[in-house]
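# Topology and contacts: notes
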Amino acid sequence: FTCLKLAQSIHDLTSQLNAYNGIGNSYETLGNYDSALFYHIKSHEIANQSGSKFNLAATLFNVGNCYKELGNYKKALSMYLKGYSLLETEKDYNQRLHFYLSEIYLKLNQNNDAAFHARKGIRLTKRTGQDYIGYSIQVNLAKSLFQENKPDSAIFLLEEALTGLKKHTDQASIAYCLNALG
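The sections below set out a description of the structure shown in this document. (Residues numbered from 1 in each chain as written. Predicted model: local features only at pLDDT ≥ 70, side-chain atom pairs only at ≥ 80, totals over all residues. Heavy atoms only, no water.)

On to the environment of N140. Structurally, N140 can be placed in helix 8 (residues 131-147). N140 gets classed as buried once you look at its relative accessible area, which sits at 0%. The spatial distance from the C-alpha of N140 to the C-alpha of I104 is 9.9 Å, given a sequence separation of 36 residues. For N140, the residues in contact, after removing those within four places along its chain, are F99, S102, E103, L106 and Y176. Reaching out from N140, the side chain makes a polar contact with the side chain of Y176 at a distance of 2.4 Å. (Helix = DSSP H or I, 4+ residues; strand = E, 2+ residues; numbered from the N terminus. Buried < 20%, exposed > 50% of the residue type's maximum accessible area, 1.4 Å probe, protein only. Contact = heavy atoms within 4.5 Å. Polar contact = N/O pair within 3.5 Å; in protein donor to acceptor, adjacent residues only side chain to side chain.)

Right, here's the structure in full:
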């Protein structure tokens with residue numbers, strides 16, 4: 001809060017955006033998503049003034065994540081799609097975005113959209129050599145296939161993802177995969 005007050009006193013919008021974002025992230029870490037949402041919306045308001053597509057998209061994703069954690073999946077999806085529309089033509093956008101989009105579509109029981117984004121994310125991660133991200137996205141594709149009554153395909157993808165996750169990533173991602181496999 002001290003940084004925010006200083007940034008406000010000197011009218012430094014970039015520092016205000018970063019301060020609001022930092023406060024929002026802190027509340028997220030504490031699991032207080034209502035407060036996090038308030039501060040991420042404040043950072044988004046400043047990002048609107050900045051003209052930076054990256055800042056605007058980043059703040060949309062932060063707001064979307066809070067809505068997702070609060071169980072408001074429609075609003076979360078709206079925020080993520082707005083951010084995605086800003087970055088989808090950018091060369092170096094983070095393919096992990098397709099994990100979040102497919103995850104939210106799954107929550108909304110929109111399996112075709114979930115599968116579309118999962119497949120797109122997997123393709124992009126293979127093309128850029130970031131398979132470790134693709135394995136997590138593959139879990140969402142498997143969940144979508146399971147919902148389409150294709151359990152054999154889902155299990156195949158989950159076992160493949162689990163092998164890759166064990167080599168390349170963290171325990172939380174492995175647990176996510178094991179949970180889906182179970």
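One pass over the full model with this rule turns up 8 aromatic pairs. Where Y84 meets Y93, the ring centres are 6.2 Å apart and the plane angle is 70°; that geometry is what we call edge-to-face. By relative accessible area, which is 6% here, Y84 ends up buried. The buried category is assigned to Y93, whose relative accessible area is 9%. An aromatic cluster is defined as three or more aromatic residues linked by ring pairs; in this entry it consists of F61, Y80, F99, Y100 and Y176. (Phe/Tyr/Trp six-rings, centres within 6.5 Å; stacked < 30°, edge-to-face > 60°.)

Another aspect to go through is the environment of E160. Along the polypeptide, E160 turns up in helix 9 (residues 151-168). Exposure remark for E160: the relative accessible area of 35% places this residue in the partly exposed category. In the structure, E160 is positioned 21 residues away from V139 in sequence and 9.5 Å away in space, judged by C-alpha atoms. A distance of 2.7 Å separates polar atoms of two side chains, one belonging to E160 and the other to Q138.

To continue, consider the side chain of N21. Positionally, N21 belongs in helix 2 (residues 13-29). Engagement of the side chain of N21 in a polar contact is seen with the side chain of H40, the distance being 3.5 Å. Within the structure, the side chain of N21 is placed 2.7 Å from the side chain of N62, a separation counted as a polar contact. With sequence-adjacent residues up to four places away left out, N21 is seen in contact with H40, S43 and N62.

In this structure the tally under the stated criterion is 4 salt bridges. The closest approach of N and O atoms between K53 and E90, which form a salt bridge, is 2.7 Å. Placement of K53 in helix 4 (residues 53-69) and of E90 in the loop between helix 5 (73-87) and helix 6 (97-107) is noted, with a sequence separation of 37 residues between them. In this structure K53 comes out as partly exposed when scored by relative accessible area, which is 38%. One salt bridge in this structure joins E103 and K68, with 3.1 Å as the shortest N-O distance. Highlighted residues: E103 in helix 6 and K68 in helix 4, separated in sequence by 35 residues. Each of the two residues, E103 as well as K68, counts as buried. Look at the salt bridges and you will find they share partners, linking K68, E69 and E103 into a network. (Salt bridge = Lys/Arg side-chain N within 4 Å of Asp/Glu carboxyl O.)

These figures come from the coordinates and say nothing about function on their own.
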